[in-house]
Amino acid sequence: SKDYRPWGWFESLAIMPGYQVKRLHVYPGAALSLQSHKYRSEHWVVVFGTASVVRDDEMLTLETNESVYINLGQKHRLANETDVPLIVIEVQTGNYLGEDDIIRYQDFYER
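Residues numbered from 1 in each chain as written. Predicted model: local features only at pLDDT ≥ 70, side-chain atom pairs only at ≥ 80, totals over all residues. Heavy atoms only, no water.

1. As for the overall build of the protein chain
Quick reminder of the rule: Starting at the N terminus, helices and strands are each numbered in turn, a helix being any DSSP run of H or I of at least four residues and a strand any DSSP run of E of at least two. Computation of the radius of gyration draws on C-alpha atoms, with the globule rule given as 2.2 Å multiplied by the number of residues to the power 0.38. Throughout, exposure labels follow a simple rule: accessible area from a 1.4 Å probe, protein chains only, divided by the maximum for the residue type, with under 20% read as buried, over 50% as exposed, and the rest as partly exposed. In this description, contact between two residues means that some pair of their heavy atoms is separated by no more than 4.5 Å. Note on areas: Shrake-Rupley with a 1.4 Å probe; residue coverage comes only from the protein chains shown. The convention is simple: Lys and Arg are positive, Asp and Glu are negative, and His and the chain ends are not counted. Here the site of a charge means atom NZ of a Lys, CZ of an Arg, CG of an Asp or CD of a Glu.
Scanning the protein chain for helices and strands turns up zero helices and eleven strands. Along the protein chain, helices and strands appear, N-terminal first, in the series β-β-β-β-β-β-β-β-β-β-β. Over its C-alpha atoms the protein chain spans a radius of gyration of 13 Å, differing by no more than 12% from the 13 Å that the globule rule assigns to 111 residues. The dimensions of the protein chain, computed from C-alpha atoms along their principal axes, are 35 × 30 × 25 Å. Residue burial in the protein chain is summarised as follows: out of 111 residues, 43% are buried. Across the protein chain, the fraction of contacts at a sequence separation of at least 24, relative to all contacts at a separation of at least 6, is 67%. Only carbon and sulfur atoms are counted for the fraction: they give 53% of the accessible area of the protein chain, which is about 6100 Å². Of note, the protein chain has its 11 positive side-chain charges centred 5 Å away from the centre of its 16 negative side-chain charges.

2. Some thoughts on the sheet that holds strand S3 (residues 19-26)
Selection rule: Two strands qualify as a pair provided DSSP detects at least 2 bridges between them. Every angle, taken between N-to-C directions, lies between 0 and 180 degrees, and every axis is a line fitted to C-alpha atoms, over only the stretch in contact when it is a helix.
In space, the six strands of this open sheet follow the order S1-S2-S3-S10-S5-S8, with antiparallel pairing throughout. Either end of the sheet is taken by a strand with one partner, and the two such strands are strand S1 (3-5) and strand S8 (67-70). On average, each strand axis in the sheet is tilted by 20° relative to the strand beside it, whichever way the strands run. The sheet contact formed by strand S5 (residues 40-48) and strand S10 (residues 86-94) spans eight bridges and is antiparallel. Of the residues in S10, the one forming a bridge with glutamate 42 is glutamine 92.

3. So, unusual backbone geometry
Despite not being glycine, aspartate 56 has its phi angle at roughly 55°, a positive value. The topology assignment puts aspartate 56 in the loop between strand S6 (51-55) and strand S7 (58-62). For aspartate 56, a relative accessible area of 40% corresponds to the partly exposed category.

4. A word on the environment of valine 88
Within the secondary structure, valine 88 is located in strand S10. Classification of valine 88 by relative accessible area gives buried; the value is 0%. Considering only alpha carbons, one finds valine 88 and leucine 78, ten residues apart in sequence, at a separation of 9.5 Å. Valine 88 has contacts with Lys22, Arg23, Leu24, Trp44, Val45, Val46, Val47 and Leu78, leaving out every residue within four places of it along the chain.

Nothing here speaks to function; it is all geometry.
Here it is in structure tokens:
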């Protein structure tokens, strides 16, 4: 089932001990919060659209079939600055993968 957020939605495709695979759908013009995680790393693969990514002090643009690793503790943000949807496959790895493992530094939706 889809879990809706102000920026779009995600659904879990696989949940296993030590890893989880999600599909993220980011609305045009939307962005996730600038955040970090205490217990997990993430690998994002763009499967449709163009992603704008902040990873610590880096700003990256990823096209379809490009990816980026977010190491444990790194500040990061995923955004869609285009007028078409962005779809990303996210692979999380770590010893705890709960949705409450999010430290928010900046959030356009004031969560």
